[in-house]
Amino acid sequence: MKETKNAEIRVPAEPYEFTFDPTRVALLCIDFQRDFVEAGGFGESLGNDVSTLRGAIAPTRKVLDCFREQDWMVIHTREGHREDLSDLFPSKRDRGNPTLRIGDIGPMGRLLTRGSKGHDIIPELYPIEGEVVLDKPGKGAFYGTDLETILRAGGITHLILTGVTTEVCVQSTAREANDRGFDCLILSDCTGSYFPEFYESALHMFKAQGGIVGWVGTSTDLLTAVDAAIPEIGESK
Ligand code: TIU
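Fair warning: this is a prediction, and the values are worked out from it, not measured in the lab. (Residues numbered from 1 in each chain as written. Predicted model: local features only at pLDDT ≥ 70, side-chain atom pairs only at ≥ 80, totals over all residues. Heavy atoms only, no water.)

Below, the discussion takes up the packing of aromatic side chains. If you walk through the whole model with that rule in mind, you get 8 aromatic pairs. Summarising the aromatic geometry, the rings of Tyr-16 and Trp-215 are spaced 5.4 Å apart at their centres and angled 75° between planes, so their arrangement reads as edge-to-face. Of this pair, Tyr-16 sits in the loop between strand E1 (9–11) and strand E2 (18–20) while Trp-215 sits in strand E10 (residues 215–217), and the two are 199 residues apart along the sequence. By relative accessible area, Tyr-16 is classed as partly exposed at 45%. Judged by relative accessible area, Trp-215 falls into the buried class, the value being 11%. One aromatic cluster is present, formed by Tyr-16, Phe-18, Phe-20, Phe-67, Trp-72 and Trp-215 through successive ring pairs. (Phe/Tyr/Trp six-rings, centres within 6.5 Å; stacked < 30°, edge-to-face > 60°. Helix = DSSP H or I, 4+ residues; strand = E, 2+ residues; numbered from the N terminus. Buried < 20%, exposed > 50% of the residue type's maximum accessible area, 1.4 Å probe, protein only.)

Moving on, we come to the sheet that holds strand E4 (residues 73–79). An order of E7-E4-E3-E8-E9-E10 is seen for the 6 strands of this open sheet, with the pairing classed as parallel. Only two strands of the sheet have a single partner each, and these edge strands are strand E7 (132–136) and E10. On average, each strand axis in the sheet is inclined to that of its neighbour by 25°, with strand direction left out of account. Here strand E9 (residues 183–192) pairs with E10 via 3 bridges, running parallel. From the neighbouring strand, Leu-185 faces E10, where its bridge partner is Trp-215. Along the sheet face, helix H6 (residues 166–179) touches strand E3 (25–30), E4, E7, strand E8 (158–164) and E9 and points at about 165° away from the line of E8. This element, helix H7 (residues 196–211), spans E9 and E10 of the sheet and lies at about 165° to E9. (Pairing = 2+ DSSP bridges. Axes fitted to C-alpha atoms, helices over the stretch in contact; angles between N-to-C directions. Contact = heavy atoms within 4.5 Å.)

Pasting the structure below:
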């Protein structure tokens, strides 16, 4: 980590400024998997237009680059199940009327199954060495994982959330994090939903009531705030 000990990053956000100590922040990139973002995956099997999520990729890449430059903690999550599906509840597999179910073979291999091409993270945001890759069986990233242990061990108190989909895995994770005492900022341009109305509602709910779950901001405001507090980022561009 760089010498950022005394810096305080102040990000314009809603419902009010989100302030964090850069030694205590982590970036969560939630479920940027081919299965949700690319054709032929789990998202499409549920009847969704997966192109609706792609707008979140480029802004997230910029934030990821910033965290990499600063050597701040980055955590990528992947929703999915063991190859033998022993951690898949029948309620999750059987619900609805998808064209393919979790574990079935699709164009990118077995849907939401660890080890398949579709389960892995898209190339644009692929993890690099030193970043945490967290496999999770549920929608929330704390359920059935060691995420809380990793964050506490790293002294993390503030989370910047990106990922898909806004009202499902991002929202579940934000709520789980908030209940555990983490301050969460969701970057609105770094998250996406198959449903525009759910995207809007989820972000509204999140920041309502004085920030009942947390803060909502943009990648531009975050990067500008980091630049202002830690000028060497700007110089290195
Ligand atoms: N279906 C949907 O919107 N999302 C999921 O099933 N998982 C995540 O959000 N990652």
